[in-house]
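# Topology and contacts: notes
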Amino acid sequence: MFKDDVTILPSGFADIQSASQEMGFTMPSELQAGALLQVLAGAKRNARVLEIGTGTGLATAWLLAGMDAGSTLISVDNEPTYQAVAERILGSDARLQLVCTDAGNWLEANELLFDLIFADAWPGKYANLDAALNALTPGGMYVIDDMLPQPNWPAGHTDNVDALVTDLENRKDLQLVKMAWSTGILIAVKKGT
Ligand SMILES: C[S@@+](CC[C@H](N)C(=O)[O-])C[C@H]1O[C@@H](n2cnc3c(N)ncnc32)[C@H](O)[C@@H]1O
């Protein structure tokens, strides 16, 4: 029988999960989101991948697990104590570059293009959205989660989510799908060749 459970975890994931719980990291991505990211990261050879919001590296581990040997991942977070966990457990992977800085500033200064962007922080999602989308290759995928109502949403956040979805839906250079998977995932693909 078909089941949507996720049982095989990426390398380093269990250690990151333990460290996250120990330090009280309250914003982990879900297993189902990670499993999807792994597959998307494996969709292209030599992919250039960007994660905005490393946290402790849970989704980073999933992305690395999906990527081939020629792919690279830049992951940005402005909280060194969170990112230090990812550095300790995943830092020996030469495909990964961890950047500790404000992601909004980083996005505005960035000139690189990416085949897959997982935007998991305020910048790149609710701010600096143009800069994030401009960093997509034609055919590149922009992925966001937490689009379905979550218990930790601050008051009024539904309006932010609705405005973001409307903005993305109105962009002529994107095609997108909204999925009731995990915490609610939106995948937008940049049109063009
Ligand atoms: C939802 S968590 C990321 C979770 C992570 N991707 C995972 O899979 O568990 C959001 C992260 O964004 C980071 N963050 C918040 N504001 C930021 C900013 N302005 N620049 C960079 N990172 C930021 C936080 O430190 C936090 O680690």
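Keep in mind that this is a model prediction, so the values were computed, not measured. (Residues numbered from 1 in each chain as written. Predicted model: local features only at pLDDT ≥ 70, side-chain atom pairs only at ≥ 80, totals over all residues. Heavy atoms only, no water.)

With their axes 10 Å apart at the nearest point, helix α1 (residues 13-23) and helix α4 (residues 80-90) run at an angle of 155° to one another. Put simply, α1 runs roughly antiparallel to α4. You can see that α1 and α4 cross each other, and the crossing is right-handed. For the pair α1 and α4, the contacting residues are D15, I16, A19 and M23 in the first and T81, Y82, V85, R88, I89 and L90 in the second. Of the residues assigned to the contact of α1 with α4, the class counts are seven nonpolar, one polar and two charged. (Axes fitted to C-alpha atoms, helices over the stretch in contact; angles between N-to-C directions. Helix = DSSP H or I, 4+ residues; strand = E, 2+ residues; numbered from the N terminus. Parallel < 35°, antiparallel > 145°, perpendicular 65-115°, else oblique. Left-handed = near helix turned anticlockwise from the far one by under 90°. Contact = heavy atoms within 4.5 Å. Nonpolar A, V, L, I, M, F, W, Y, C, P; charged D, E, K, R; others polar.)

We now examine the site of the ligand. Taken together, 20 residues sit near the ligand, with S29, G53, D77, A103 and D120 positioned nearest. Take A59: an N or O atom from its main chain is 3.0 Å from an oxygen atom of the ligand. Expressed as a share of its isolated accessible area of 600 Å², the protein-covered part of the ligand is 87%. Of the residues belonging to the shell around the ligand, the class tally is nine nonpolar, six polar and five charged. (Near = heavy atom within 4 Å. Polar contact = N/O pair within 3.5 Å; in protein donor to acceptor, adjacent residues only side chain to side chain. Areas by Shrake-Rupley, 256 points an atom, 1.4 Å probe, with all protein chains shown as cover.)

Here we come to the pairing of strand β4 (residues 114-119). Where burial is concerned, most of β4 is hidden: six out of the six residues are buried. Across four bridges, strand β1 (residues 48-52) lies against β4 in parallel orientation. Across the sheet, residue L50 finds its bridge partner in β4, namely I117. The sheet contact formed by β4 and strand β5 (residues 136-144) spans four bridges and is parallel. Looking at β5, one finds that L116 is bridged to M141. You can see the chain leave β4, run along helix α6 (residues 129-134) and come back into β5, and the turn it takes is right-handed. (Buried < 20%, exposed > 50% of the residue type's maximum accessible area, 1.4 Å probe, protein only. Pairing = 2+ DSSP bridges. Right-handed = clockwise from strand over helix to strand, strands pointing away.)

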